[in-house]
Amino acid sequence: MTTATTHHPLIELQGVTKQFTGVRACSDISLTVRPGQVLCLLGHNGAGKSTLIKILSGVYTPTEGTMLIDGEPVTLGGPRDALDRGIATVHQGAGTVPLMSVARNFFLGAEPTKGRGLLRRFDAATAATIALREIQQLGIRRIRDADQLVGTMSGGERQALVIARALHFGARVLILDEPTSALGIREAETVLRAVETARERGIGVVLITHQAHQALRVGDHFAVIAHGRLVASFARGEKEAAEVIDLMAGGAAMEELEREQE
Ligand SMILES: Nc1ncnc2c1ncn2[C@@H]1O[C@H](COP(=O)(O)OP(=O)(O)OP(=O)(O)O)[C@@H](O)[C@H]1O
Ligand SMILES: [Mg+2]
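A few points on the structure. (Residues numbered from 1 in each chain as written. Chains lettered and ligands numbered in written order. Predicted model: local features only at pLDDT ≥ 70, side-chain atom pairs only at ≥ 80, totals over all residues. Heavy atoms only, no water.)

## Regarding helix H7 (residues 185-200)
Put simply, the rule is: Here a strand is any run of E in DSSP of at least two residues, a helix any run of H or I of at least four, and the numbering for each starts at the N terminus. Helices are assigned an expected span. That span is 1.5 Å times one less than the residue count. Relative accessibility thresholds used throughout: buried, under 20% of the residue-type maximum; exposed, over 50%; partly exposed, between the two (1.4 Å probe, protein chains only). We call two residues in contact when some of their heavy atoms are within 4.5 Å.
With 16 residues, H7 should cover 22 Å at 1.5 Å per step; its first-to-last C-alpha distance of 22 Å lies within 8% of that length. Within H7, burial applies to Ala188, Thr190, Val191, Leu192, Ala194, Val195, Glu196, Thr197, Ala198 and Arg199. At its buried positions, H7 is contacted by strand E3 (38-42), helix H5 (124-137), helix H6 (155-168), strand E9 (173-177), strand E10 (204-208) and helix H8 (212-218). In the segment just after H7, Gly202 is the residue with positive phi, at about 90 degrees.

As structure tokens, this is what we get:
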């Protein structure tokens with residue numbers, strides 16, 4: 001595979017619209033998810049961000065427009081279909097079971113087993129080794145016991161565990177809907193580092209966040225959504241931090257951009 005091929009888009013949306021009864025949640029959106037890049041989706045409450053990622057993750061089919069995966073037009077049959085194609089989505093506040101161990105949480109539904117037939121059982125040692133190795137590689141070094149209950153981990157560590165799990169199970173695209181919204185600064189830092197590790201491994205990351213400084217810290221591309229429409233799309237460095245913050249805050253710059261689009 002040449003370098004050029006490696007950088008072909010993983011996912012492209014072309015003119016995608018999602019109409020609910022009475023509400024057009026997304027309107028004529030085009031965007032690209034590339035390997036080894038973080039795409040930040042920015043916008044107000046109700047802007048259409050979650051609807052957009054539900055299209056990317058196979059929960060909704062677009063009313064209009066085209067979705068391409070690896071350059072091929074596709075109609076996803078559902079979230080399972082998206083997952084089978086390497087698109088893993090972590091919905092807000094979701095992903096872990098507090099009263100289960102780190103190892104159990106890591107494998108939820110896909111546990112390694114040993115023995116055959118009636119003797120087939122959970123392979124706790126293998127699960128522990130893999131789970132600890134993978135989460136430590138994402139910078140969570142405080143967790144040394146795979147039997148520890150996830151409920152005792154910090155919020156940031158839990159999000160990192162979910163990210164580690166997605167990567168271990170072959171995600172090529174990782175979609176995170178507000179992974180840091182309930183977290184303090186240090187906790188959020190843990191998640192952002194995990195996002196950076198995912199990018200270094202060539203994963204295409206789609207990150208929704210309300211926090212301008214977090215977006216600026218990890219984003220390679222930015223897409224600002226307002227009233228279901230893409231009002232700005234730009235690469236890192238193309239806009240000043242102040243302008244991005246203004247865009248996110250829905251300030252004058254956003255209104256101006258919206259007028260430009262009309
Ligand atoms: N299943 C649905 N049926 C009807 N309307 C919907 C549905 N899902 C979302 N909407 C509407 O579409 C619009 C966009 O919603 P969406 O959840 O995508 O916004 P969001 O940008 O994720 O907001 P937030 O930042 O609050 O999470 C809203 O007006 C919402 O009420
Ligand atoms: Mg949302």
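## Focus: the site of ligand 1
What counts, and what does not: For this purpose, a residue is taken to be near a molecule or strand whenever a single non-hydrogen atom of the residue falls within 4 Å of it. N or O atoms within 3.5 Å of each other form a polar contact, as long as, within protein, one can give a hydrogen and the other can take it, and as long as residues adjacent in sequence are counted only when both atoms are side-chain atoms. Only the protein chains shown count as cover for residues, and all accessible areas are computed by the Shrake-Rupley method using a 1.4 Å probe. Ten residues, namely Ala, Val, Leu, Ile, Met, Phe, Trp, Tyr, Cys and Pro, are considered nonpolar, four, namely Asp, Glu, Lys and Arg, are considered charged, and the remaining ones, Gly among them, are considered polar.
Residues in close proximity to ligand 1 total 13 residues, the closest being Gly46, Gly48, Lys49, Ser50 and Thr51. Between Ala47 and ligand 1, the recorded distance is 3.1 Å, taken from a backbone N or O atom to an oxygen atom. Tyr60 places a side-chain nitrogen or oxygen 3.4 Å from a nitrogen atom of ligand 1. Coverage of ligand 1 by the protein chains reaches 62% of its 640 Å² of free accessible surface. For the shell around ligand 1, the secondary structure elements donating two or more residues are strand E2 (23-33) and helix H2 (49-56). Its residues assigned to classes, the shell around ligand 1 comprises five nonpolar, seven polar and one charged.

## Things to note about the pattern of salt bridges
The criterion, for reference: Basic side-chain nitrogens of Lys or Arg form a salt bridge, by our definition, when they fall within 4 Å of a carboxyl oxygen of Asp or Glu.
The tally for this structure, following the rule as stated, stands at eleven salt bridges. Between Glu111 and Arg104 there is a salt bridge, and its shortest N-O distance comes to 3.8 Å. We classify Glu111 as partly exposed; its relative accessible area is 26%. Overall, Arg104 belongs to the partly exposed group, its relative accessible area being 33%. In this structure, Arg142 and Glu157 form a salt bridge, with 3.0 Å as the shortest nitrogen-oxygen distance. Taken together, the residues Arg142 in the loop between H5 and H6 and Glu157 in helix H6 connect sequence positions 15 residues apart.

## A few points about the sheet that holds strand E5 (residues 72-74)
Rules: A pair of strands is considered paired only if DSSP assigns at least 2 bridges between the two. Working convention: axes come from line fits to C-alpha atoms, limited for helices to the stretch in contact. Angles between N-to-C directions cover 0 to 180 degrees.
The sheet built from four strands is open, its strands ordered E2-E1-E4-E5 with antiparallel pairing. Of all the strands in the sheet, the pair left with one neighbour each is E2 and E5. Pairs of neighbouring strands in the sheet enclose a mean axial angle of 30 degrees, with direction left out of account. Summarising the sheet, strand E1 (residues 11-20) and strand E4 (residues 64-69) pair through five bridges and their orientation is antiparallel. Across the sheet, residue Ile11 finds its bridge partner in E4, namely Ile69. Seen against the sheet, H2 touches E1, E2 and E4 and runs at an angle of roughly 120 degrees to E1.

## Re the packing of aromatic side chains
Just so we agree on the cut-off: Put simply, two rings from Phe, Tyr or Trp (the six-membered ring, in Trp's case) pair if the centres are within 6.5 Å, and we call them stacked under 30 degrees between planes, edge-to-face over 60, tilted for the rest.
Tallying each qualifying case throughout the model produces five aromatic pairs. A centroid spacing of 5.2 Å and a plane angle of 75 degrees characterise the contact between Phe20 and Tyr60, whose relative ring orientation is edge-to-face. Here Tyr60 lies in the loop between H2 and E4 and Phe20 lies in strand E1, a separation of 40 residues in the sequence. Classification of Tyr60 by relative accessible area gives partly exposed; the value is 26%. With a centroid separation of 6.4 Å and an interplanar angle of 35 degrees, the aromatic rings of Phe106 and Phe169 are classed as tilted.

## A short note on the sheet that holds strand E12 (residues 229-235)
Spatial strand order, E6-E9-E10-E3-E11-E12: six strands in an open sheet with mixed pairing. The open sheet has two edge strands with one neighbour each: strand E6 (87-90) and E12. Going across the sheet, the axis of each strand differs from the next one's by a mean of 15 degrees, ignoring polarity. Packing of H2 onto the sheet brings it into contact with E3, E6, E9, E10 and strand E11 (221-226), and relative to E10 it is tilted by some 155 degrees.

## Focus on the nonpolar core
Quick reminder of the rule: Residues belong to one nonpolar core when they are buried, are Ala, Val, Leu, Ile, Met, Phe, Trp, Tyr or Cys, and are joined through side-chain atoms within 4.5 Å.
Judged by nonpolar contacts, the single largest core of 49 residues is most densely connected at Ile135, Ile163, Leu174 and Leu176. For Leu174, the contacting residues outside a window of four places in its chain are Ala88, Val90, Ile163, Ala166, Leu167, Ala198, Ile203, Gly204, Val205 and Val206. Among the nonpolar cores identified, the runner-up in size contains 28 residues, and Ile11, Leu13, Leu31 and Ile175 belong to it.

## Digging into the pairing of E4
Examined bridge by bridge, E4 and E5 share three bridges and lie antiparallel to one another. Within E5, the position partnered with Met67 by the bridge is Val74. If you look at the hairpin formed by E4 and E5, you'll find two residues sitting between the two strands, and Asp70 has a positive phi there, around 50 degrees.

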